[in-house]
Amino acid sequence: MSDNFLGDFHPDNFYMGQALREAQRAYAAQEVPIGAIIVKGDQVIARAWNQVETLKDATAHAEMLALTSAQNALGDWRLEGCTLFVTKEPCPMCAGAIVHCRPDRVVFGCGDPKAGAAGGWINLLESNPPLNHRCEILSGVLEDECVSILKSFFREARERNALGKAHKKAGEQDRGIV
């Protein structure tokens, strides 16, 4: 019998699973399914999901909302001793905010080679010369699950868009417009 009663349990996987739950909330709201949580010690102090469309706010990314929530929970803008878990690599806007909030770690599921700012396209979290703070980065945690939810969302969005165009064209034909 193993001395480790937790078996294959890994805290990073557990917390990324929590971030994926937030991504599922975004998916259900027809938002790009990205979720984030912030952990201090072993306690989740903030949870958020993308709400750009819901709030009509281009800055309402999961990371931004989680950072604000965590700051409110701690009563401080400094998130020292915290870890941000997010299902997709942060964009430059989010990475800039992350640097200013100063969490110790950023753990993300899937990378973004076109627009990621934690090593994908650029790396603001571990920049050299450094900004006012550097974050430890861990990528690829539950990567398959994080990629899968994004692919499903965008596949369904393309299908809805194609169906909408087909309905519009049929309506135009019925009215003799086409």
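See the structure shown above.
A few points on the structure.

1. Here we look at the overall build of the chain
Now for step 1: Of the regular secondary structure elements, the chain holds 5 helices and 5 strands.
Now for step 2: Each helix and strand of the chain, placed in order from N terminus to C terminus, yields the pattern α-β-β-α-α-β-α-β-β-α.
Now for step 3: Across the 178 residues that make up the chain, the buried fraction comes to 40%.
Now for step 4: In the chain, of all internal contacts separated by at least 6 residues, the share reaching a separation of at least 24 is 59%.
Now for step 5: Accessible surface, the chain as shown: approximately 10,100 Å² in total, 52% of it carbon and sulfur.

2. As for the side chain of Lys 88
Now for step 1: Note on placement: Lys 88 falls in strand β3 (residues 82–88).
Now for step 2: Only 2.7 Å separates the side chain of Lys 88 from the side chain of Asp 112, close enough to count as a polar contact.
Now for step 3: Residues contacting Lys 88, with those up to four places away along its chain left out, are Ile 34, Glu 63, Phe 108, Gly 109, Cys 110, Asp 112 and Leu 150.

3. Regarding the pattern of salt bridges
Now for step 1: Evaluated as defined, the whole model comprises 6 salt bridges.
Now for step 2: When the shortest N-O distance is used, the salt bridge between Arg 47 and Glu 22 registers 4.0 Å. Pair noted here: Arg 47 is in strand β2 (residues 43–49) and Glu 22 is in helix α1 (residues 11–28), with a separation of 25 residues, a long-range link.
Now for step 3: In this structure Glu 22 comes out as buried when scored by relative accessible area, which is 5%.
Now for step 4: The partner of Asp 76 in a salt bridge is Arg 78, and the shortest N-O contact between them spans 3.2 Å.

Reading the values: rules and limits
- Residues numbered from 1 in each chain as written.
- Predicted model: local features only at pLDDT ≥ 70, side-chain atom pairs only at ≥ 80, totals over all residues.
- Heavy atoms only, no water.
- Helix = DSSP H or I, 4+ residues; strand = E, 2+ residues; numbered from the N terminus.
- Buried < 20%, exposed > 50% of the residue type's maximum accessible area, 1.4 Å probe, protein only.
- Contact = heavy atoms within 4.5 Å.
- Areas by Shrake-Rupley, 256 points an atom, 1.4 Å probe, with all protein chains shown as cover.
- Polar contact = N/O pair within 3.5 Å; in protein donor to acceptor, adjacent residues only side chain to side chain.
- Salt bridge = Lys/Arg side-chain N within 4 Å of Asp/Glu carboxyl O.

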